[in-house]
Amino acid sequence: MSIILTVDAVLLTLVEGELAVALFKRERAPFKGLWALPGDRVREDRDDHAGAAAARVLQHKAGVASPYLEEYGTFSGPGRDPRGWSLSVVYYALVPARLLGETVQRFPVGRLPALPFDHAQIIAGVVARVRSKAAYSSLPAFLCGDEFTVPELHAVYEAVLAQPLNLPNFRRKLDDLGILEEVPGATKLGGRNRPAQLYRLKKPFRSSLSVRERGL
């Protein structure tokens, strides 16, 4: 029997201030009807590489093309899939909630339903990776969208890290990192209906290939 080669995608977003993952009900056996990560077999006639397969899965099942898509690792063995010996290359993506359709079900990462295969282990590992990288990189900004205020970005970091962050210290760290630029002439109403400056990531930081990993 040939090895089952698949990709699985951990699609992270925010729901009411909590880090959440998108799950989809399986439409066929094994584990039909259970919530699971979006995934598919690698198609040699359609996918140039595993990353392309993961991007295809996200586009087909969630309708998104994430600007941040990174390989997490591989999971393999004879016992992870009842159909036979399998190997899955896992990727993770971060997208703003507004880009996901209403039909995409999102679950807080701390309150997941029963999951098939080793998907609970995969999600736990990816969340730990994202939280670790959030402590020293601009990674959580991908959950904000293209433009955001500093308080909005601060709230996203707090949601990802699941802990409060001192706002003045956070602002100073952003200045030290030099990852943001003002959107010229763009503001939105903030606290007490005061206009707040809108920012975006500087161009070198706007893709998964260029996220700077420096102390935040």
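These figures come from a predicted structure and were not determined experimentally. (Residues numbered from 1 in each chain as written. Predicted model: local features only at pLDDT ≥ 70, side-chain atom pairs only at ≥ 80, totals over all residues. Heavy atoms only, no water.)

Asks: Residue-level account of the packing of helix α2 (residues 119–134) against helix α3 (residues 150–161), with values.
Replies: In contact at an axis separation of 9 Å, α2 and α3 are set at 135° when each is read in the N-to-C sense. With respect to α3, the element α2 is oriented oblique. Remark: the crossing between α2 and α3 carries left-handed chirality. Each of V130, R131 and A134 in α2 lies in contact with α3, whose residues at this interface are Y157, A159, V160 and L161. (Axes fitted to C-alpha atoms, helices over the stretch in contact; angles between N-to-C directions. Helix = DSSP H or I, 4+ residues; strand = E, 2+ residues; numbered from the N terminus. Parallel < 35°, antiparallel > 145°, perpendicular 65-115°, else oblique. Left-handed = near helix turned anticlockwise from the far one by under 90°. Contact = heavy atoms within 4.5 Å.)

Asks: Go over the pattern of salt bridges with me, naming the residues and quoting the values.
Replies: In this structure the tally under the stated criterion is ten salt bridges. Across the salt bridge formed by E152 and K188, the nearest N and O atoms sit 2.6 Å from each other. Placement of the pair is E152 in helix α3 and K188 in strand β8 (residues 180–189), with a sequence separation of 36 residues. Residue classification places K188 among the partly exposed residues on the basis of a relative accessible area of 35%. E181 is the salt-bridge partner of R206, the closest N and O atoms lying 2.9 Å from each other. Taken as a pair, R206 in the segment after β9 (195–201) and E181 in strand β8 lie far apart in primary sequence, 25 residues in all. Classification of R206 by relative accessible area gives partly exposed; the value is 37%. Residue classification places E181 among the partly exposed residues on the basis of a relative accessible area of 25%. Each of the salt bridges in this network shares a partner with another, and the network as a whole consists of D40, R43, D47 and R56. (Salt bridge = Lys/Arg side-chain N within 4 Å of Asp/Glu carboxyl O. Buried < 20%, exposed > 50% of the residue type's maximum accessible area, 1.4 Å probe, protein only.)

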